Amino acid sequence: MRTADRIGAVILLALPVAYAATAARRYTSWNATGPGSGFFPFWLGLVLAVLATLLLVSAVRETHPGPAWLPRGHGAARLVVVVVATAVFIALMPVLGMALGTVLFLAVLLKALEGHSWAATVGVAVGVAIANWAVFTWWLRVPFPVGVLGF
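Residues numbered from 1 in each chain as written. Predicted model: local features only at pLDDT ≥ 70, side-chain atom pairs only at ≥ 80, totals over all residues. Heavy atoms only, no water.

**Details of the overall build of the protein**
For step 1, the next point in the chain: Check the secondary structure of the protein and you find five helices and two strands.
For step 2, the next point in the chain: Ordered by position from the N terminus, the helices and strands of the protein form the series α-β-β-α-α-α-α.
For step 3, the next point in the chain: Counting only C-alpha atoms, the protein reaches 50 × 45 × 25 Å along its principal axes.
For step 4, the next point in the chain: For the protein, the proportion of its 151 residues judged to be buried stands at 21%.
For step 5, the next point in the chain: Considering only residue pairs separated by 6 or more positions, the protein has 56% of its internal contacts joining residues 24 or more positions apart.
For step 6, the next point in the chain: Carbon and sulfur atoms make up 76% of the accessible area of the protein, which amounts to about 10,400 Å² in all. (Helix = DSSP H or I, 4+ residues; strand = E, 2+ residues; numbered from the N terminus. Buried < 20%, exposed > 50% of the residue type's maximum accessible area, 1.4 Å probe, protein only. Contact = heavy atoms within 4.5 Å. Areas by Shrake-Rupley, 256 points an atom, 1.4 Å probe, with all protein chains shown as cover.)

**A short note on unusual backbone geometry**
For step 1, the next point in the chain: A positive phi angle, near 60°, is found at Arg141, a position not held by glycine.
For step 2, the next point in the chain: Here Arg141 lies in the segment after α5 (118–139).
For step 3, the next point in the chain: Taking the relative accessible area as the measure of exposure, Arg141 reaches 65% and is therefore exposed.

**Points about the environment of Ala14**
For step 1, the next point in the chain: Relative to the helices and strands, Ala14 resides in helix α1 (residues 3–26).
For step 2, the next point in the chain: In sequence terms Ala14 and Ala52 are 38 residues apart; their C-alpha atoms lie 8.8 Å from each other.

**Examining the packing of aromatic side chains**
For step 1, the next point in the chain: Scanning the entire structure with this criterion turns up four aromatic pairs.
For step 2, the next point in the chain: Plain terms: the ring middles of Trp30 and Phe39 are 5.6 Å apart, the flat faces sit at 65° to each other, and that makes the pair edge-to-face.
For step 3, the next point in the chain: Note on Trp30: relative accessible area 55%, which makes it exposed.
For step 4, the next point in the chain: Aromatic pair Phe89 and Phe105: ring centres 5.0 Å apart, planes at 25°, arrangement stacked. With Phe89 in helix α3 (residues 74–96) and Phe105 in helix α4 (residues 98–113), the pair connects residues that are 16 residues apart, well separated along the chain. (Phe/Tyr/Trp six-rings, centres within 6.5 Å; stacked < 30°, edge-to-face > 60°.)

**Describing α5**
For step 1, the next point in the chain: With 22 residues, α5 should cover 32 Å at 1.5 Å per step; its first-to-last C-alpha distance of 30 Å lies within 8% of that length.
For step 2, the next point in the chain: Of all the residues in α5, the buried ones are Thr121, Ala125 and Ala129.
For step 3, the next point in the chain: The inward-facing, buried residues of α5 contact α4.
For step 4, the next point in the chain: Positive phi shows up at Arg141, right after α5, with a value of about 60°. (Expected span 1.5 Å × (residues − 1).)

**Some thoughts on the packing of α4 against α5**
For step 1, the next point in the chain: One can describe the packing of α4 onto α5 by two numbers: an axis separation of 8 Å at closest approach and a directional angle of 145°. Between α4 and α5 lies a crossing of right-handed hand. Note on element contacts: α5 touches α4 through Trp118, Thr121, Val124, Ala125, Val126, Val128, Ala129 and Asn132, opposite Met98, Ala99, Thr102, Val103, Leu106, Ala107, Leu110 and Lys111.
For step 2, the next point in the chain: Of the residues that constitute the contact of α4 with α5, the class distribution is twelve nonpolar, three polar and one charged. (Axes fitted to C-alpha atoms, helices over the stretch in contact; angles between N-to-C directions. Left-handed = near helix turned anticlockwise from the far one by under 90°. Nonpolar A, V, L, I, M, F, W, Y, C, P; charged D, E, K, R; others polar.)

**Observations concerning a nonpolar patch on the surface**
For step 1, the next point in the chain: Together, Tyr19, Trp30, Phe39, Phe40, Trp43, Leu44, Leu46, Val47, Leu48, Val50, Leu51 and Leu54 make up an exposed nonpolar region whose accessible area comes to about 1,200 Å².
For step 2, the next point in the chain: In terms of residues, the nonpolar patch owes the most to one element, helix α2 (residues 39–61), which gives ten residues.
For step 3, the next point in the chain: Counting through the fold element by element, Phe40 comes out in helix α2. (Patch = residues over 30% accessible without salt bridge, like charges linked within 9 Å, V, L, I, M, F, W, Y side chains within 5 Å. Salt bridge = Lys/Arg side-chain N within 4 Å of Asp/Glu carboxyl O.)

This is the structure in structure tokens:
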């Protein structure tokens, strides 16, 4: 049995159960006009709980220990870069804003970890930031955090 898989499955089981329970307790599943605000979260949580249960059963039945769950050497260094870049991205979001933060975050990952050319790095980072902004701010009307530069 792989301990990491079992722990991960238990965590992945607890989260959707709590999510579905909160949706059932706090929101309406069905109203006079059809599905309410709790309908989708409840069923999503239920489906995720079933999938996590299948993962847990599979992890308990597995007898081969499998590879180490954390990478070593170069893989560990890459993992640290991603974790640190994500933490810096989150910490600087109030200052930089979501759009500029996304560009810088993706630029670090694409250039430092993947070694892409500057043209590809800048193109992908700016393109993803624009698409991200367009979907959330323009289409869904969810405001992004705005930095000191105003975007």
